[in-house]
Amino acid sequence: MSGTKGLNRQQMADRIAFEFQDGWIVNLGVGIPTMCSNTDIGDRDITYHSENGVIGYGPIAPQGEEDLNLVNAGGQNVTLKAGAAVVHHADSFAIIRGGRIDVTVMGAYEVACNGDFANWKIAGQKGGGIGGAMDLAACARRVFIIMEQTTRSGAPRLVAQCALPVTARGVVKLVATNYGLFEPIGDGFRIREIAPGVTLDEVHATVGCKLTVPENLLTVRLVS
Amino acid sequence: MSGTKGLNRQQMADRIAFEFQDGWIVNLGVGIPTMCSNTDIGDRDITYHSENGVIGYGPIAPQGEEDLNLVNAGGQNVTLKAGAAVVHHADSFAIIRGGRIDVTVMGAYEVACNGDFANWKIAGQKGGGIGGAMDLAACARRVFIIMEQTTRSGAPRLVAQCALPVTARGVVKLVATNYGLFEPIGDGFRIREIAPGVTLDEVHATVGCKLTVPENLLTVRLVS
Amino acid sequence: MTQKSKQVGTFREAVQDVPDGATIAFGGFAMPGVPFNLIKALLEHGAKQLTLVANTTGGAQQPRMPDIGMLVENGQVRKVICAFTASTRPTDVIPFTKYYESGEVDAELVPQGTLAERLRAAGAGIPAFYTPTAVGTELAAGRETRVINGREYLLEYALPLDYAFIRATRADASGNLQFHRSQRNFCPVMATAARVTIAEVDDHIVPVGTIDPDQVHTAGIFVHRLVKVPPAPEGLWPTRRQERRR
Amino acid sequence: MTQKSKQVGTFREAVQDVPDGATIAFGGFAMPGVPFNLIKALLEHGAKQLTLVANTTGGAQQPRMPDIGMLVENGQVRKVICAFTASTRPTDVIPFTKYYESGEVDAELVPQGTLAERLRAAGAGIPAFYTPTAVGTELAAGRETRVINGREYLLEYALPLDYAFIRATRADASGNLQFHRSQRNFCPVMATAARVTIAEVDDHIVPVGTIDPDQVHTAGIFVHRLVKVPPAPEGLWPTRRQERRR
């Protein structure tokens, strides 16, 4: 199982968080993405937005100090940063559809090399769990994905085209997996950085389409 | 000029205000309608709404006690009643379009016997002053009009059909003029009450279409 | 002016006029804002053939609090309209799934922002609007789209409600509400979309005039009944989050 | 975190990057919320070929405060989009009328609720919506309508802005705003519709973290520049209402 090799969950979140630029408004999805708000990215001023209307939250609340009426997208009790503001759900998605989110970070089952991705419906399942993913994917300025390199059975998640129903088309800009950092470039993926302890052969074997490797392939950066 | 006969401005406002029922949400337009919030209608609980987002205002502020950031639809400094709330313009018109306004009271140039009315554009003028009138007229549960019986030149304002561009079609339920209280009933107007000092002949002479007079025509009620 | 208090004494009394076939929305995102006590009262009330609107059907966390899924299990529901009708993890099976897959209940899956906007539209007298969300996905298959300024949009319709069941922190007797932090979520928009809004309230109901008009989150004109949530164990309150079952 | 203050020192500096041809909205309904000082700065700045959005063109009351009509008189305006482009009283002639009738400036007359909703739609990523307002009137002539559930509605489009000039009572350095009473009016929706929002503020700008997050009326993410309004006579403030000229 690929999840045991390369980066751990917090390291994947950290690597994505290092991409956030000063002044960005960032939406973090359920699961590993919410761990980005724990990452120390120095003195960059980032506003974390959650689709339930929280603008400007910070790290998870210490145990015993939780405000039970304050949660992030994953239902975890978080803290607020100075300058925070709360709005209702329609206003929160107005922020999303209105194009104010500089990046949304989400999990996914599959990302295709044309930028399509799928994260709401499991094969053969009736119904699904869309949450705010379709709104965010369609409207955020950038979509970054964090996911394991392969499925539990070893099948690639970086693919030529999505087999599962897509969440949005042509929107993914960057993918962090436990194997490294990847960009969909149309006819395949480009690997930007490779995880420590992972070989290029292992990457090739786990990408379901063409893989472009730059001449000087860097190792995944793990400090801000 | 008809404005000098029958009811004065405050009496017209009073007569309309007496129609308000306990629990109603009432929007008052610029001019005579705003005078309704001064009328004593006993212990009925009325919520006055203004399109600039004030829910639950009361009488005009006494001189020297004005809050310069608190106005009604006419720009007059008003007071708030206990239980008031303030919202922004989009939310205020959401209340209007959402059907929460039990009655809107407006001025008009003309009312037709089919319930059409005109109050935003003067003949031959380029442009006009719509304000919130079209939203209110299209969406309030009831539209009541207060206007002079005739134009300054003596022409009827209660007419067979509007000559001026309409504000909305088929919506007027009740009209108070200085001559009395009228209802548009399709093929003409029915006079419900006649103003003291006005004769039925004078009413007939100043209505531009068929007038129906009930057997026992009452005089305009001027106490709640 | 005689302003009558909107406070009613019990949750049972608050929900007693809910008829079979009603469309009811429930506030809440995770624990905050969920009207646990009104859901419990509706379970006891027993109205049937309901259409329920909420972010999720619930049941993904332990200990389980009253949720929409329980109304389904109780045979009271015809259809749910939610942003989650199944878990996104193959290892989680939520209680609702069994009833949905067997065809005992219908479901409409709606992106969360579209759900919020359809409720807002219903409250704002907007019968339909265009949105970029879900364009190019299975949810847009066979539906009306329109290109505006070179981009494709999906037509969505307002979602009007008979009832909104919500939870607030503070209320005055005329129904003006304040929410604490992310308790707000869907509650204000559901209140605007409903003919009848019932709010369960954490704090004691305060006299009319106590809340600053500038700081009202939901105006009393949208709120019809208020019930004070009693202290636990009689009243149900949000709990600390437990990890999901894996 | 280094949160930079959004406060700038002067109105002149706040408006200096406004280019010719920009679309600018101005908050305000009667006196409350009108950014008198920013209008004055824009008059001095001199940008031309502007499209201006506001409730009225102004000039109906005495003493006259800075208004959109003055920008028209100053030759800076290509078009206005307003709910009032003429007085509704034959005896009142507002300053704008002369320029409009002579064809020196264009105008689009929009019902006030439609104006607010078109701004809200622009801020909410909704490119178009249907409304019952203006159906059957001259304003709907030749335009697209649609029957939904048996009622006729008019299609309206979002109205995006380059700038919003607004006035607030209180701000923190990150741009979170609070409005006092009906000062709020169009200001919050204009802020959401604009690429750049500039707020003139009555009180001293307070440190970040001073305003309760639950009581923020316009979130700082929508606000880009803040200017403290100096005391009169240097700064312009709402005055007591004078009766209209008859």
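Here we take up the overall build of chain C. Looking only at helices and strands, chain C has six helices and 12 strands in total. Here the C-alpha atoms of chain C give a radius of gyration of 18 Å, agreeing with the 18 Å that 2.2 N^0.38 yields for 246 residues. Along the three orthogonal principal directions, the C-alpha set of chain C runs to about 55 × 45 × 35 Å. Going through the 246 residues of chain C one by one, you find that 63% of them count as buried. At a minimum sequence separation of 6, the contacts of chain C that also span at least 24 residues come to 78%. Carbon together with sulfur atoms contributes 50% to the accessible area of chain C, which is approximately 8,900 Å² in total. Separation between the mean location of the 27 positive side-chain charges and that of the 25 negative ones in chain C comes to 3 Å.

So, about helix α2 (residues 89–97) of chain B. Residue and element names in this part refer to chain B. Counting buried residues in α2 gives eight out of nine residues, a clear majority hidden from the surface. Where α2 is concerned, the buried positions are His 89, Ala 90, Ser 92, Phe 93, Ala 94, Ile 95, Ile 96 and Arg 97. Trailing α2 by a residue or two, Gly 99 shows a phi angle of about 85 degrees, which is positive.

Now for the interface of chain A and chain C. When the parts of a complex come together, some accessible area is lost, and that lost area is often used as the size of the interface. Taken together, the contact pairs 47 residues of chain A with 48 residues of chain C. Summed over both sides, the interface of chain A with chain C buries roughly 3,900 Å², with 58% coming from carbon and sulfur. When the area that chain A buries against chain C is broken down by residue, the three leading residues are Asn69(A), His89(A) and Lys126(A), summing to 18%. At the junction of chain A with chain C, the criterion picks out three salt bridges. A salt bridge links Glu117(C) to Arg97(A); its shortest N-O distance comes to 3.2 Å. Broken down by secondary-structure element, the contributors of at least two residues to the side of chain A that touches chain C are β4 (78–86), α2 (89–97) and α3 (133–139) of chain A. Within the side of chain A that touches chain C, the residues separate by chemical class into 20 nonpolar, 18 polar and nine charged.

Here the focus is empty space enclosed by the protein. Vacant regions in the atomic arrangement are exposed by a probe of water-molecule size rolled over the atoms. Throughout the structure, instances matching the rule amount to four cavities of 30 Å³ or more. Of the pockets and cavities examined, the largest cavity occupies roughly 770 Å³. As for the largest cavity, its lining consists of 41 residues, and the residues nearest its centre are His88(A), Asp91(A), His88(B), Asp91(B) and Arg184(D). For the lining of the largest cavity, the secondary structure elements donating two or more residues are α2 of chain A, β4 (78–86) and α2 of chain B, α5 (112–123) and α6 (187–193) of chain C together with α5 (112–123) and α6 (187–193) of chain D. Counted by class, the lining of the largest cavity contains 21 nonpolar, 12 polar and eight charged residues.

Right, let's get into unusual backbone geometry. Omega for the peptide link from Ala232(C) to Pro233(C) comes to 5 degrees, which places this bond in the cis form. With respect to the helices, strands and loops of the structure, Pro233(C) is situated in the segment after β12 (225–228). Not every positive phi belongs to a glycine, and Ala134(C) is a case in point at roughly 80 degrees. Take Ala134(C): it is sitting in the loop between β5 (128–131) and β6 (145–148). Judged by its relative accessible area of 3%, Ala134(C) falls in the buried class. Not every positive phi belongs to a glycine, and Asn185(D) is a case in point at roughly 20 degrees.

We now examine the side chain of Asn185(D). If you trace the backbone, Asn185(D) turns up in the loop between β10 (177–178) and α6. At a separation of 3.0 Å, a polar atom in the side chain of Asn185(D) contacts the main-chain carbonyl oxygen of Pro32(D). For Asn185(D), the contacting residues outside a window of four places in its chain are Asn52(B), His88(B), His89(B), Gly27(D), Gly28(D), Phe29(D), Pro32(D) and Gly33(D).

The next point concerns the nonpolar core. Judged by nonpolar contacts, the single largest core of 112 residues is most densely connected at Ile16(A), Phe20(A), Val111(A), Phe117(A), Ile145(A) and Phe182(A). When sequence neighbours within four positions are dropped, the list of residues in contact with Val111(A) reads Asp116(A), Phe117(A), Ile145(A), Met147(A), Arg157(A), Leu158(A), Val159(A), Val172(A), Val175(A) and Phe189(A). Of all hydrophobic cores here, the second largest spans 102 residues; its members include Ala13(B), Val54(B), Met106(B) and Ile166(C).

This part covers the pairing of strand β10 (residues 172–177) of chain B. All names here are of chain B. The element β10 is extensively covered by neighbouring structure, given that five of its six residues are classed as buried. Pairing analysis gives four bridges linking strand β8 (residues 143–146) to β10, with the strands arranged parallel. Residue pairing for β10: Val 143 is matched across the bridge by Val 172. Relative to strand β11 (residues 180–184), β10 runs antiparallel, the two sharing three bridges. Across the sheet, residue Ala 176 finds its bridge partner in β11, namely Leu 181. The hairpin turn running from β10 into β11, its antiparallel successor, is two residues long.

All names here are of chain D. Relative to the helices and strands, Lys 79 resides in strand β3 (residues 77–82). A polar contact is formed between the side chain of Lys 79 and the side chain of Glu 108, at a distance of 3.1 Å. Each residue touching Lys 79, except ones within four places of it in the same chain, is listed here: Leu 50, Thr 51, Leu 52, Val 105, Asp 106, Ala 107 and Glu 108.

Each side of the interface is counted separately: chain C has 25 residues, and chain B has 21 residues. For the pair chain C and chain B, the number of links is one salt bridge. With a shortest N-O distance of 2.8 Å, Asp22(B) and Lys4(C) are connected by a salt bridge. For the interface between chain C and chain B, the tally reads six residue pairs in polar contact (both at pLDDT 80 or more). Elements with a minimum of two residues in the side of chain C that touches chain B: α5 and α6 of chain C. For the side of chain C that touches chain B, the element with the highest residue contribution is α6(C), accounting for three residues. Of the residues assigned to the side of chain C that touches chain B, the class counts are 12 nonpolar, nine polar and four charged.

Here the focus is helix α2 (residues 36–45) of chain C. All names here are of chain C. Buried residues of α2: Phe 36, Asn 37, Leu 38, Ile 39, Ala 41 and Leu 42, and no others. Elements in contact with the buried residues of α2: α1 (11–15), β1 (23–26), β2 (50–53), α3 (68–73), β8 (161–168) and β11 (194–201). Downstream of α2 by one or two residues, Gly 46 has phi in the positive range, about 90 degrees.

Calculation criteria
- Residues numbered from 1 in each chain as written.
- Chains lettered and ligands numbered in written order.
- Predicted model: local features only at pLDDT ≥ 70, side-chain atom pairs only at ≥ 80, totals over all residues.
- Heavy atoms only, no water.
- Helix = DSSP H or I, 4+ residues; strand = E, 2+ residues; numbered from the N terminus.
- Rg over C-alpha atoms; globule rule 2.2 N^0.38 Å.
- Buried < 20%, exposed > 50% of the residue type's maximum accessible area, 1.4 Å probe, protein only.
- Contact = heavy atoms within 4.5 Å.
- Areas by Shrake-Rupley, 256 points an atom, 1.4 Å probe, with all protein chains shown as cover.
- Lys, Arg positive; Asp, Glu negative; His and termini not counted.
- Charge placed at Lys NZ, Arg CZ, Asp CG, Glu CD.
- Buried area = accessible area lost by both parts, 1.4 Å probe.
- Salt bridge = Lys/Arg side-chain N within 4 Å of Asp/Glu carboxyl O.
- Nonpolar A, V, L, I, M, F, W, Y, C, P; charged D, E, K, R; others polar.
- 1 Å grid on protein atoms, 1.4 Å probe; cavity = no way out; pocket = protein on both sides within 12 Å on 5 of 7 lines; lining within 4 Å.
- Points joined across faces, edges and corners; volume = space filled by probe spheres on them.
- Polar contact = N/O pair within 3.5 Å; in protein donor to acceptor, adjacent residues only side chain to side chain.
- Core = buried A, V, L, I, M, F, W, Y, C linked by side-chain atoms within 4.5 Å.
- Pairing = 2+ DSSP bridges.

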